[in-house]
Amino acid sequence: MATFTKAFKPIPIGASVTWHYRSAIGHGTVVGVNKLGTTPDNTMYDVEQHDHHPGEPAIVHHTGKALSKA
C-alpha cells in the first residue's frame, strides 16, 4: 500500500518574521530556505535581520518553529 505525504508550503520569501533571542525579540525578512525539511517547522530559513548590531551577522538561520509572522 502506497503512502502519500501532504505537501507543505514553506514560509514565503519576503515574509516579515520575529523570533526570540535571549531576552530580546529579533525582527527580519525571510530571504531564502537554507535547508528544506518535511514541515514548515523543521525547515531552516535564511532571515535578514532588520535590527542587527555591529558584530552580528546580517543574515541568520532559524527553523520555522522559532519564527513568528510579524
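Check the entry above for the structure.
Overview of the structure. Everything numeric in this text was worked out from a predicted model, so none of it was measured.

What counts and what doesn't
- Residues numbered from 1 in each chain as written.
- Predicted model: local features only at pLDDT ≥ 70, side-chain atom pairs only at ≥ 80, totals over all residues.
- Heavy atoms only, no water.
- Helix = DSSP H or I, 4+ residues; strand = E, 2+ residues; numbered from the N terminus.
- Buried < 20%, exposed > 50% of the residue type's maximum accessible area, 1.4 Å probe, protein only.
- Areas by Shrake-Rupley, 256 points an atom, 1.4 Å probe, with all protein chains shown as cover.
- Lys, Arg positive; Asp, Glu negative; His and termini not counted.
- Charge placed at Lys NZ, Arg CZ, Asp CG, Glu CD.
- Pairing = 2+ DSSP bridges.

What follows deals with the overall build of the chain. A tally of helices and strands in the chain yields zero helices and five strands. In sequence order, the secondary structure elements of the chain are arranged as β-β-β-β-β. Along the first, second and third principal axes, the C-alpha set of the chain runs to 55 × 20 × 20 Å. Taking all 70 residues of the chain together, 27% fall into the buried category. Here the chain displays about 5,200 Å² of accessible surface, and carbon together with sulfur accounts for 58% of that area. Where the 6 positive side-chain charges of the chain centre and where its 5 negative ones centre are 13 Å apart.

Right, let's get into the pairing of strand E2 (residues 24–35). Pairing geometry for strand E1 (residues 16–21) and E2, over six bridges, is antiparallel. Paired with His-20 across the bridge in E2 is Ile-25. Judged from the six bridges that link them, E2 and strand E3 (residues 44–49) form a sheet pairing that is antiparallel. Paired with Lys-35 across the strands is Met-44, a residue of E3.

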